[in-house]
Amino acid sequence: GFSIFQSDPFKESIVREFPRGGIGIAEMLFQCNVIALVGGGKNPRYDPRRVMIWDDHQGKCIGEFSFRSEIKAVRLRRDRVVVVLEQK
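The following paragraphs examine the structure supplied in this document. None of the values given here were measured: they were computed from a predicted structure.

What counts as what
Residues numbered from 1 in each chain as written. Predicted model: local features only at pLDDT ≥ 70, side-chain atom pairs only at ≥ 80, totals over all residues. Heavy atoms only, no water. Buried < 20%, exposed > 50% of the residue type's maximum accessible area, 1.4 Å probe, protein only. Helix = DSSP H or I, 4+ residues; strand = E, 2+ residues; numbered from the N terminus. Pairing = 2+ DSSP bridges. Axes fitted to C-alpha atoms, helices over the stretch in contact; angles between N-to-C directions. Salt bridge = Lys/Arg side-chain N within 4 Å of Asp/Glu carboxyl O. Lys, Arg positive; Asp, Glu negative; His and termini not counted. Polar contact = N/O pair within 3.5 Å; in protein donor to acceptor, adjacent residues only side chain to side chain. Contact = heavy atoms within 4.5 Å.

## A look at the pairing of strand β4 (residues 34-39)
Part 1 of the reasoning: For β4, a buried count of 6 out of 6 residues is recorded, marking the element as mostly surrounded by other parts of the structure.
Part 2 of the reasoning: Taking every second residue as pointing to the same face, both faces of β4 are buried, with Val34, Ala36 and Val38 on one and Ile35, Leu37 and Gly39 on the other.
Part 3 of the reasoning: Where strand β3 (residues 23-28) folds back on β4, the antiparallel hairpin that results is connected by 5 residues, among which Phe30 adopts a positive phi of roughly 50°.
Part 4 of the reasoning: Of the pairings in the sheet, the one linking β4 to strand β5 (residues 50-55) comprises 4 bridges and is antiparallel in character. In the strand pairing of β5, Ala36 is matched with Ile53.

Put into structure tokens, the structure is as follows:
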């Protein structure tokens, strides 16, 4: 699962537990309900070569991007999704 914290005032704002698998990367789009998720750990929830776009309001994935190599980082903007890969 994953947790998201507010910085001012500091407090936990979102907690999501996924009983079947781990999350390696979680990146939130500003302060809205859209979060990019990448599987991680010994038993990943999603393939570590796939970015899942999660809508927390709907409680489901609304899109995905697949790559040939492992994903190292993800950044979101209103108009772009930037994905850093282990290999091109």
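## Quick word on the sheet that holds strand β6 (residues 60-66)
As a general point, the strands of a sheet are linked pairwise by backbone hydrogen bonds and lie either parallel or antiparallel.
Part 1 of the reasoning: Spatially, 4 strands are ordered β3-β4-β5-β6 in an open sheet, and the strand pairing comes out antiparallel. Each edge of the sheet is formed by a strand with only one pairing partner; in this case those strands are β3 and β6. If you compare each strand with its neighbour and ignore which way they point, the axes differ by 25° on average.

## Comments concerning the pattern of salt bridges
A side chain of one charge can pair with a side chain of the opposite charge when the charged atoms of the two come close.
Part 1 of the reasoning: Counted according to the given criterion, the structure contains 5 salt bridges.
Part 2 of the reasoning: Two residues, Glu27 and Arg75, come together in a salt bridge whose shortest N-O distance is 3.5 Å. Of this pair, Glu27 sits in strand β3 while Arg75 is found in strand β7 (residues 71-76), placing the two residues 48 residues apart along the sequence.

## As for the side chain of Asp55
Part 1 of the reasoning: Within the secondary structure, Asp55 sits in strand β5.
Part 2 of the reasoning: At 8.2 Å, Lys60 is the nearest oppositely charged side chain to Asp55, a buried residue that forms no salt bridge.
Part 3 of the reasoning: Here Asn33 takes part through its side chain, which lies 2.5 Å from a polar atom of the side chain of Asp55.
Part 4 of the reasoning: One polar contact links the side chain of Asp55 to the main-chain amide nitrogen of His57, over a distance of 2.9 Å.
Part 5 of the reasoning: For Asp55, the residues in contact, after removing those within four places along its chain, are Asn33, Lys60 and Ile62.

## Quick word on the environment of Gln87
Part 1 of the reasoning: Structurally, Gln87 is set in the segment after β8 (81-85).
Part 2 of the reasoning: Residues Gln87 and Asp55, 32 residues apart in the sequence, show an inter-C-alpha distance of 28 Å.

Read these as layout, nothing more, since geometry by itself doesn't imply function.
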